[in-house]
Structure formats: C-alpha cells, structure tokens
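# Architecture at a glance
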Amino acid sequence: MELINNNNPNRPPKRDNNSGNSRGPRPQNNNNNTGIGNDAPRSGASRGQAVRALKRTQMDAQRIANQYQAAVAVKPGRANVIDDTPRLKVIGLGGMDGGGSKNMILVEYMDDAVILDCGNDLGVDLPGINYGIADTAYLETIKHKIRAYIITHGHLDHIGGLPHIVPKFPAPIYGSKFTIGRVEEIFENFGLPMPEGFELRTVTMNENTHERLKVGVFFVELVRVTHSIPGSTVIVLDTPVGRIINTGDFRLDPNPLDHERTDIERLKELGNEGVLALLSESTTVERMGRTPSESTIEQSFIDIMSQAPGRIFVGLFSTNMNRVQMIINAAVHHNKKVAMDGRSMVSTLEMAVRHGFMRVPKGTFVPIASAATMKDTDLVVVCTGSQGEPSSALQRMANGEHRHVKMKEQDTVILSSTPIPESGNDALIGTMVDGLVKKGVHVFEHRNHELDGVGPLHVSGHASRDEYADMINFTKPKFFIPIYGAYRVKQRHVELAIEQGIPRANTANVNNGEVIAITPNSMVVEGEVPSGTILVDQTGALVSNVVVKDRVLLSEEGLVAVILTIDKKSGNLLTSPDIISRGFIYMRDNEEIMNGLRVELRRAVQQRFKRVELDRFKSELKDHITHFLFEHTQRSPTVIPVVNVVGAKGEVKTVVNGSHTKTSDEIATEQQKRFQQMRARLLSQDPRVD
Ligand SMILES: [Zn+2]
C-alpha cells in the first residue's frame, strides 16, 4: 500500500535526476565493480552523487516532518523567566497560524492563569499521524498558576487537546452544558488510561443568564453565539487590567433554526461597559457580505424530498445538530422515518436531545438495522461522510460494505456540507460521487445546486466580513487581536478592524508563542515562549518527530534489507544473501540488479568481514549497498543490513544495525499488541468543521 498522498502540496517534488522519474533501473555501464572498502571506487562522481542524493532525501523528509515540530527552547531572559509584573499576558499556544487549529490561548496575570480552548489539529498529513496538539513546554514553567480551562464550544479543534493536556496540568474545565457534555465524552472515549489519581473536574455554566464565576483573580462569563454546534459561546474574561473577550467560532444568524441567536444585546452591553481587548476568530474573514441564515436552506430539503423517487440519504458533519433538526422537520413534513448512522453523530444527537436542543416527534426515528425492510419512499438516512471520508457510513453504504444498507439505483444522496478548504477532501468527495452516479444514484451537492434547480444545501457556521465588523462594533474594544486563522487571514481581520476605527497601533497579529503584554493603556508584543506541535497517533500515543521522518523516508524511497549468514570461523557466507525489499522496486522485474547485488555482497564478505570490527563491517556494508542501489536505480531506499554470525556451536547471533537483539516472536507479539490497541480505539473523528 502506498503511504503517501501524491496530491499533498507539502511533499517535495520527486527528484528528477538523469534517469528521469522512472522507477525502473536505468541502463548500466557494467564496469568491473570494486568490492567494499576498496579505495579505488569505480567512479568518484557517482559515489558523491549517491551521498548527495541520500542527503537530499533525508533533508526532504526532515522538512516534511518539521512542519509540525515540538517546541524548541527560546532564548532565556525574555518572557520565559518568572515574571510577576502587573500586566496581562495573552499567548497563543495554538490557533495563531496554520489555518486555525489546535486552538489554545493562555491568559496569565501574575500568579494566575487560565487557558481558553484546548483543541487538536486534524489537518496534519503525515504517515500514521492522527492529529497534532499544542506543545505545552511553557505550561511546565507556570504549572502552579493554572486555574481553569474555559472552552468556547465542543468542536474538536477547540476541545481535542484536553485529554492529553489536562492530566498533565490539572484544573477544572468550564463551559456551557452542551460543551461540557462533549468534553466528558472525549475523555470517556480516550484510548489511553488517565494517570493515577486524575479526576476530571468540570464546571457547567449557563450561557443565557450572564452568570459570572470567579476563577483565581479573574471573573468568567459565557455569552451565547450561533455556530454549527449547540452550546457555542463567547468567553468574557474580566481581568485586573480590564475585560477581554474571546469570540470562539461564531456567526450572527438572525434566524437560526433553534432560535439560539447570538446574544447581540449582551455583547453590546459588555461593549458599553468597556472592553479592553477583543480576540476574534478569523476563519472566513475573506468572505464578503453576510453568511446566509440557516433557515434559507430548509426549503431545499423539503423540495428534494418531495421529488425523490426512492430512499434519501443526507451526509453532514456529525455535530451539526441544527442541520439534523432541519432534515427531521422535512422528513416529518413528508411523513417519512429517519434512520441515523455514524457513531459520533448518534452520540451527539443523544446529547442534544437530552439537553433540550432538539425537537423530535415520537416515532420519527427507526433503527438503521431495520432500514432494509422499510418501503423505499418512507426512509431518510442521516449519516456522516459528507467529506468523502473513506470509512464513513455514507462511503460504506455507497461501496456496498455497510451491514444494513446498500445503495441502489433511484436512491438520492444529498451532501449537506462543502469540502473543508485546503483539506484535499475535494478529491475524496469526487471519487465517492463518481461511484454513486455509476450506480444510478441521484446526487445533490451544494456547489451544483443551481445546476440541479434546487435551493442551497449548506451554509457555513462561520461569520462573513460584515458580521466580523459587527462583532468589533458591538464590543468596541480598545485593543484588537485576531485569533484562530492563518496569518494572512488574520491580517485581513486587522485591516477590517482598522476600517472600523481601531488604531493600527492597537492591533496585534502574532504567531504561536509570541507574548502580548497588556496594561489598561498599552499593548505590546514582547518576547516569545516555546511553542510547537506534538504529534499523536491512532492509539492516542505521542509520536517523535524522528519516527515521523523515518516514515516519510520509507514512504518516499522504500526499504531494502539484506540478510547475511556468515560462519564465524571461516568468515564465509553459509547461504546465499537474502534481499528483502518493500516499496522500492519490484524485485522480480529487476533480477539482474538483485543478482548483481548478491555478487557484491559476497565480495564484501570475503574482503572485509574478517578484517574489520562487526559494527564497522555493517556500516561499510550499508554505504556500499546504498551506493550500489543508487547507481543502478537512482533511488536511495533505507538500507538495513542484518548479519547473522554463526559460531562454533551453531548458535546464531543476529545484529540489526547496532547491538540490540530481538527474536521474531518478540517482534510479532509487540506488533500484535500494538494492533490490538489501535483496534480498541474506535473514536470516529469529527474533522475541522466549517
Ligand atoms: Zn467550531
């Protein structure tokens, strides 16, 4: 299986050496090759070329892996030292660049600190990596100050880092009822055990009553906003230097389906009382005008349902409960039943119903298991998979791999979302839709709604430009800090703020780790604390950057292992050298090269094995094989020489690139254990959500 996604813009272009991009061997000058360690190489230029090529490959891999690097120590003497001067420090440990993900902002005042949001980054595209979280090296130095985590809403890019970070820096988590429900859920589903004695502490706040809670020297209030998940809020933090507001993700829908409008009155009130700094999300600042109301798409579903000849499937984001409510309404309108699939969606729905966010008439839902026995015209299926995710419910139904439902001719599929920008999901969706159309399924996508003669099928959960301007005008802040977005987008937000009358000197567009120091009269960016990304795999375990670099190397160039069994006494090979390759070249098509390599290996053993130390021998062998393969294929795979030295009594000593020894049984047991851990973790992820 190919590990790499060739569409990934982050990958370096394939090297284009003299042989072009051909994977096969290039024609060879079959000169008489010299053996290992021979001081007269057959062509000095070629050896140099091989070394340079290898270096280049390694640097490429390093560069890819380094896109997500852990924190490196920052020059001491700046914000990194204990600092108890009376000013507020605002530091984005995440969310200040890279498209707005792993959102996490630290607010620190003398002996107290709170963390606003604590998300993960599901957009990390590295082999075997599930997501990234913010590096918390800086928190180690202020551990004793941390009083609370305060969360704006329950999307994973705002809560996904909590199960990793809170156990290390324990403090209660504050949020709206729905948000806390989501937080408890991700802790329950977390794959790894929590440390001994850890206890999850949560504080539920009412976002409608303007209740204020004291947290250290701060006071916290949550204010209701409209977004694409229930219970979304703005955080109002009153600090000793003044009031700051973190908007979280929002839009100002005047007519949301659940009537949970953004509490504009309260925002204006807060503005009139005085706001020192506004930290406003920046996701879609580049979008002109206003985001249309969710209610503008309701009729589209009713229209499609009245025309669909058979079953209807709607794919959407698992946490978008307003949208689910809309589909339920349309289904009820047409006397249809609703079945639901996708683990994360079902659990979010249960929570939304429990917390009174949804109105579902009795008897509307039917279990997905009974879908097959229902009359086609009676059934609406709501499921995940609108981004073409390979293992989603919708994809499995489309592929005929779903236990209960298989798509067929005259089914209708509605994709009620748009591809997440810069995610590469366009291609996944395209492939899925191709498959559906081939089956004779009617597919409705938002982007083609005019072509299909239906109304819009999706609206974004984020504000557009005019609404971002409104937020500034409601809250009338003295200082403006754009957050949760790419640097260039945040800069647009700064310009927008200036248009609204904020002096340029009162704005700050910062990177992760940069310290914004605020007093009642001043805001300056001064110094930096360590920041970075920690990578997490499917099991929830942290993965070292070094491991990721190896994976990238393997995925780009493949692996060649040679296994030599040598008689200790005579120094002769006891068997023909074994050559194993994976992801390099197809050995059967390249027997000549492999035979040539065997000849080289025999020569190497004869000439060098008895003359040098084993480690030196192996290192020479590695260089020699690398050179040989580069010369014949223009490729630099990872080379692993394995030397079995059989002693007098016939015992075998295996040495793999160093001195540690593992039996194959041990390796197999280890792998099996790891695989079971992966299987055990079955949390279906909600992607970054529009
Ligand atoms: Zn969100």
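Okay, so let's go over this structure. From a predicted model like this one, the values you see are computed outputs, not experimental measurements.

## A look at the pairing of strand S12 (residues 242-246)
With 5 of 5 residues buried, S12 lies mostly within the body of the structure. Inspection of the sheet shows S12 paired to strand S13 (residues 275-281) by 3 bridges, in the parallel sense. Paired with isoleucine 244 across the strands is alanine 277, a residue of S13.

## Side note on the coordination of the zinc ion
Protein coordination of the zinc ion is provided by His153 (NE2), His155 (ND1), His227 (NE2) and Asp249 (OD), with donor distances spanning 2.2 to 2.4 Å. Around the zinc ion, the 4 donor atoms are arranged such that angles at the metal cover 91 to 168°; this shape is classified as irregular. In the primary sequence, the donor residues of the zinc ion line up as H-x1-H-x71-H-x21-D. Linking histidine 153 in the loop between strand S6 (146-150) and helix H3 (156-159) with histidine 227 in the loop between strand S10 (218-224) and strand S11 (233-239), this pair joins segments that are 74 residues apart in sequence.

## Notes on the sheet that holds strand S7 (residues 173-176)
What the 8 strands build is an open sheet, ordered S8-S7-S6-S3-S2-S1-S20-S21; its pairing is mixed. If you trace the sheet from one side to the other, it starts and ends with strand S8 (202-205) and strand S21 (523-528), each paired once. Each neighbouring strand pair of the sheet contributes to a mean axis angle of 25°, computed without reference to strand direction. When strand S1 (residues 88-94) meets strand S20 (residues 514-518), the two strands line up antiparallel, connected through 4 bridges. Looking at the pairing, lysine 89 lines up with alanine 517 of S20. On top of the sheet, helix H5 (residues 177-188) reaches S7 and S8; it is set at about 130° to S7, its chief contact.

## Looking at the sheet that holds strand S14 (residues 312-315)
Read from one edge to the other, the open sheet built from 5 strands follows the order S15-S16-S14-S17-S18, with strand pairing classed as parallel. In the strand order of this sheet, the two ends are held by strand S15 (337-341) and strand S18 (442-445), each with one partner. Direction aside, the axes of adjacent strands within the sheet are offset by 20° on average. With 5 bridges joining them, S15 and strand S16 (residues 379-383) adopt parallel strand pairing. Bridged to methionine 340 within S16 is valine 382. In this fold helix H9 (residues 343-354) packs onto S15 and S16, with an angle of close to 120° to the strand it touches most, S15. Along the sheet, helix H11 (residues 425-438) contacts strand S17 (412-415) and S18; its crossing angle with S18, the most-contacted strand, is approximately 150°.

## Examining the pattern of salt bridges
Pairing between side chains becomes possible if they bear opposite charge and their charged atoms approach one another. What the rule picks out here adds up to 24 salt bridges. A salt bridge links glutamate 499 to arginine 465; its shortest N-O distance comes to 3.5 Å. Note that glutamate 499 is positioned in helix H13 (residues 487-499) and arginine 465 in helix H12 (residues 465-475), a separation of 34 residues in sequence. A residue is classified by how much of its surface remains accessible, and arginine 465, at 17% relative accessible area, is buried. Residues joined in a network through salt bridges with shared partners are Arg212, Glu221, Asp238, Arg243, Arg266, Glu269 and Glu273.

## Some points on the packing of helix H6 (residues 264-273) against H12
One can describe the packing of H6 onto H12 by two numbers: an axis separation of 6 Å at closest approach and a directional angle of 50°. Overall, the two elements H6 and H12 adopt an arrangement that is oblique. Each of Ile264, Leu267, Lys268 and Gly271 in H6 lies in contact with H12, whose residues at this interface are Met471, Phe474 and Thr475.

## Overview of the packing of helix H7 (residues 298-307) against helix H8 (residues 321-333)
Viewed as axis vectors pointing N to C, H7 and H8 meet at an angle of 40°, and their least axial separation amounts to 9 Å. Considering their axes alone, H7 and H8 lie oblique with respect to each other. The crossing of H7 and H8 is right-handed. Residues Glu298, Phe301, Ile302 and Met305 of H7 touch H8, and the partners they reach there are Arg323, Met326, Ile327, Asn329, Ala330, Ala331 and His333. In terms of residue class, the contact of H7 with H8 is built from 7 nonpolar, 2 polar and 2 charged.

## Overview of H13
Between its terminal C-alpha atoms H13 stretches 19 Å, which fits the 18 Å expected from 13 residues at 1.5 Å a residue. Those residues of H13 that fall on the buried side of the exposure criterion are Val489, Lys490, His493, Val494, Leu496 and Ala497. Each buried residue of H13 sits inside an arc of 160° when the element is viewed along its axis, so together they form one side. Residues of H13 that are buried sit in contact with S13, H12 and strand S19 (477-483). Of the residues one or two after H13, glycine 501 is the one with positive phi, at around 105°.

Here is what the cut-offs are and how they apply
Residues numbered from 1 in each chain as written. Predicted model: local features only at pLDDT ≥ 70, side-chain atom pairs only at ≥ 80, totals over all residues. Heavy atoms only, no water. Buried < 20%, exposed > 50% of the residue type's maximum accessible area, 1.4 Å probe, protein only. Helix = DSSP H or I, 4+ residues; strand = E, 2+ residues; numbered from the N terminus. Pairing = 2+ DSSP bridges. Donors = N, O, S within 2.8 Å, 3.2 Å for Na, K, Ca; no water. Tetrahedral: all angles 85-135°; square planar, octahedral: opposite > 155°, others 65-115°. Axes fitted to C-alpha atoms, helices over the stretch in contact; angles between N-to-C directions. Contact = heavy atoms within 4.5 Å. Salt bridge = Lys/Arg side-chain N within 4 Å of Asp/Glu carboxyl O. Parallel < 35°, antiparallel > 145°, perpendicular 65-115°, else oblique. Left-handed = near helix turned anticlockwise from the far one by under 90°. Nonpolar A, V, L, I, M, F, W, Y, C, P; charged D, E, K, R; others polar. Expected span 1.5 Å × (residues − 1). Arc of directions from axis to C-beta.

Coordinates in, geometry out; function isn't part of it.
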